[in-house]
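Residues per chain, in single letters:
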Amino acid sequence: MEYSAVNTIWVLLGAALVFFMQAGFAMVETGFTRAKNAGNIIMKNLMDFSIGTPVFWIIGFGLMFGNYGDGGFIGRIGGIATEGAYGTDMLPAGVPFFAFLIFQTVFCATAATIVSGAMAERTKFSSYCIYSFIISLVVYPISGHWIWGGGWLSQMGFHDFAGSTAVHMVGGVAALIGAIILGPRIGKYHKDGRSRAIPGHSLTLGALGVFILWFCWFGFNGCSTVAMDSDAALISAGKIFITTNLAAAVATCTVLIITWIRYKKPDVSMTLNGSLAGLVAITAGCDTVSPASAAIIGIIAGFAVVFGVEFVDKVLKVDDPVGAVGVHGVNGALGTLCVGLFSDGEGTGGVKGLFTGGGVELLGTQAIGVISVIAWVTVTMVIVFQVIKHTIGLRVSEEEEVLGLDSTEHGLASAYSDFVASPERSVFLGNGPAGKAAAKKAEAPAKAVPAAVKAAKPATTEGNAKLTRVSIICKQSKFDELKEALNEIGVMGITVTQVLGCGVQKGAAKMYRGSEVDVVLLPKVKVEVVVSAVPVEKVIEAAKKALYTGSIGDGKIFVYDVENVVKVRTGEEGFDALQGMEDEE
């Protein structure tokens, strides 16, 4: 066989881009779930690829491409995947066996990783590894044989260029079955069945994941041409890039408009899902539809993902934290059917779609393929999940779920241990000369030496003065103004804690992915001072003046009596212990 350098490089580039989609999925799933499960999500995405790679190499490839072109149900296991074991019939022109193997391996891993998002935050890690193993071992390769391995669907003329059904719908259906059997997260639904929003902890990470996936999709779809050595291949690749990008962009705009109308505000997370929905929907027909048809498919995908996510959540009562079923399952099926509606005849043996001058022949073939793959994945995954559920267990305990899978499954204190604000992690800020001096000392590492022990100073005549703690809850944006106002009236030391909270308004009504958020915990700053010489009324007036805007959320001030204050180093108590200036040695 004569190899083509340009074709081989193109295939390997595609493999690298599709591999990087694992990072995109990891970011999307992590961002759309809670921080206490971030490490668990990352670990699952890592293991999808790490487990799937050797499994597909040893067995999966043979089940998918063995007996290539036989029109049958399943390939064969002929040993570890090599050219000697399986021949070259399945290889694209000019592409070596191992380049093709890695290209197919990364697609297999993508199908497996889709499932983790819908089953996030309550699945045992050991159980996850087992069913991920089985998806890569059997489920994906066998349906893949039907479509890309010369199996019976391929012989019928079924067209799925880059995997709307073969990859995305397989993952989406498996995700739906798993989420149904697993059950919803604790607190997801009210007693009357109404859906309760559980917002993800970082839309920033979610958006980063979407942009990574969008970028990598040019390799997912574009490099599936597996050739760049002819004018026809160059034209096809350019067209695929255009249709892929158009569908994603139009779907994004469509979801933006829909959510703006339905929720009164443009929903960020749902709009991000819209981008992915457009990408999934165009994947089957990116080579065989016109740019105009791609835009129409993007509109369809936008409607499908919004109402698909809502249907799964509110009607089926299936808890899917990241919208994997709506994005990959619903739009994988729709995108495949759209080939039968909009195909221009390229790549389908000249058979056009229903709306482009053809009849229902291609649409019927596409429908048979979609139904068959749904049935295959449903039956196999029901068996897999039920066996796992009744043996080692599929779901973590209630206590483990509440604590978070990072700590209970992986022994992590937190995936954000140095950044997450918590009641146990406060920061003392000395604003007077003593506080500034201490800050300078802390910046420069110094050799630790025992401190000289001083006798406690006797309390001054003011030692029995009344001590009062003033606790101020305010917006983060107002902290600097408050700090300066306190400094101006002589308050030299404050303790600051980053907190989350809301008032009686419950943070005002908010929507997340079509469901109302019961209580919106907003990021706030809690500033605490203990005063004696400075009148409490003066502290309150300074705080009110610095924080007032007239809007809900300006904050609150709490006043408490303090029994005593003790300075640890010197033993001073009461009024003396509060003084910011200390005698220098």
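Above this text is the structure in question.
Keep in mind it's a predicted model, so treat the numbers as computed, not measured.

A.B. asks: Describe a nonpolar patch on the surface, naming the residues involved and giving the relevant values.
C.D. replies: Taken together, the side chains of Leu256, Ile257, Trp260 and Ile261 define a hydrophobic patch exposed on the protein surface, amounting to about 410 Å² of accessible area. Residue placement: Ile257 occurs in helix H9 (residues 231-263).

A.B. asks: If you had to explain the environment of Phe161 to someone new, which residues and values would you point to?
C.D. replies: With respect to the element layout, Phe161 can be found in the loop between helix H6 (152-156) and helix H7 (164-182). Along the backbone, Phe161 and Thr225 are 64 residues apart, and their C-alpha atoms lie at a distance of 8.6 Å. When neighbours within four sequence positions are excluded, Phe161 is seen to be in contact with Trp148, Asn221, Ser224, Thr225, Ile240, Thr283, Ala284, Cys286 and Asp287.

A.B. asks: Explain empty space enclosed by the protein to me, using residue names and the numbers behind them.
C.D. replies: Overall, the coordinates contain two cavities of 30 Å³ or more when judged by the stated rule. Considering only enclosed or pocket space, the largest cavity measures out at about 170 Å³ in volume. The element best represented in the lining of the largest cavity is helix H11 (residues 291-315), accounting for four residues. Residue composition of the lining of the largest cavity, grouped by class: seven nonpolar, four polar and six charged. Size it by volume and the second largest cavity reaches roughly 100 Å³. What lines the second largest cavity is a set of 13 residues, and nearest its centre among them are Phe25, Val28, Val322, Ala324 and His328. Among the secondary structure elements, those contributing two or more residues to the lining of the second largest cavity are helix H1 (5-31), helix H4 (97-118), helix H10 (268-283) and helix H12 (324-342).

A.B. asks: Break down the pairing of strand S6 (residues 522-531) for me, citing the residues and quoting the values.
C.D. replies: Pairing geometry for strand S2 (residues 467-475) and S6, over eight bridges, is antiparallel. Bridging from a neighbouring strand, Cys474 pairs with Val525 of S6.

A.B. asks: Please give an account of helix H17 (residues 479-488) that cites residues and values.
C.D. replies: Buried within H17 are the following residues: Phe479, Leu482, Ala485 and Leu486. The buried residues of H17 all sit within an arc of 130° when viewed along its axis, so they share a single face. Once H17 finishes, Gly490 follows within two positions and takes phi at roughly 100°, a positive value.

A.B. asks: Before we move on, could you go through unusual backbone geometry and cite the residues and values that matter?
C.D. replies: Its identity as a non-glycine residue notwithstanding, Val226 has a phi of 50°, on the positive side. Within the element layout of this structure, Val226 appears in the loop between helix H8 (203-222) and H9. For Lys317, which is not a glycine, the phi torsion comes out positive at approximately 60°. The class of Lys317 is partly exposed, set by a relative accessible area of 35%.

A.B. asks: Residues and numbers for the packing of helix H5 (residues 125-148) against H7, please.
C.D. replies: The contact between H5 and H7 brings their axes to 9 Å, and the two run at 150°. In terms of axis orientation, H5 runs roughly antiparallel to H7. Handedness of the crossing formed by H5 with H7: right-handed. Facing H5, whose interface residues are Val139, Tyr140, Ser143, Ile147 and Trp148, H7 presents Thr165, Ala166, Val167 and Val170. Considering only residue class, the contact of H5 with H7 consists of seven nonpolar, two polar and no charged.

A.B. asks: Explain the nonpolar core residue by residue, including any values.
C.D. replies: Counting 116 residues, the largest nonpolar core has Phe61, Phe107, Tyr131, Tyr140, Val377 and Met381 as the members making the most contacts within it. Top contributing element to this core by residue count: H4, with 14 residues. Residues in contact with Tyr131, not counting those within four places in the same chain, are Val115, Ser116, Met119, Thr123, Val384, Phe385, Ile388 and Leu394. If you look at the next biggest cluster of nonpolar residues, it comprises 22 residues, including Val491, Val531, Val536 and Leu547.

A.B. asks: Break down the pairing of S2 for me, with residues and values.
C.D. replies: Each regular strand displays side chains that alternate between the two surfaces of the sheet. In this sheet, strand S7 (residues 556-562) lies alongside S2 in antiparallel orientation, the contact comprising seven bridges. Among the inter-strand pairings, Ile472 is bridged to a residue of S7, identified as Ile557.

Calculation criteria
Residues numbered from 1 in each chain as written. Predicted model: local features only at pLDDT ≥ 70, side-chain atom pairs only at ≥ 80, totals over all residues. Heavy atoms only, no water. Patch = residues over 30% accessible without salt bridge, like charges linked within 9 Å, V, L, I, M, F, W, Y side chains within 5 Å. Areas by Shrake-Rupley, 256 points an atom, 1.4 Å probe, with all protein chains shown as cover. Salt bridge = Lys/Arg side-chain N within 4 Å of Asp/Glu carboxyl O. Helix = DSSP H or I, 4+ residues; strand = E, 2+ residues; numbered from the N terminus. Contact = heavy atoms within 4.5 Å. 1 Å grid on protein atoms, 1.4 Å probe; cavity = no way out; pocket = protein on both sides within 12 Å on 5 of 7 lines; lining within 4 Å. Points joined across faces, edges and corners; volume = space filled by probe spheres on them. Nonpolar A, V, L, I, M, F, W, Y, C, P; charged D, E, K, R; others polar. Pairing = 2+ DSSP bridges. Buried < 20%, exposed > 50% of the residue type's maximum accessible area, 1.4 Å probe, protein only. Arc of directions from axis to C-beta. Axes fitted to C-alpha atoms, helices over the stretch in contact; angles between N-to-C directions. Parallel < 35°, antiparallel > 145°, perpendicular 65-115°, else oblique. Left-handed = near helix turned anticlockwise from the far one by under 90°. Core = buried A, V, L, I, M, F, W, Y, C linked by side-chain atoms within 4.5 Å.

Function-wise, these values are silent; they only describe arrangement.
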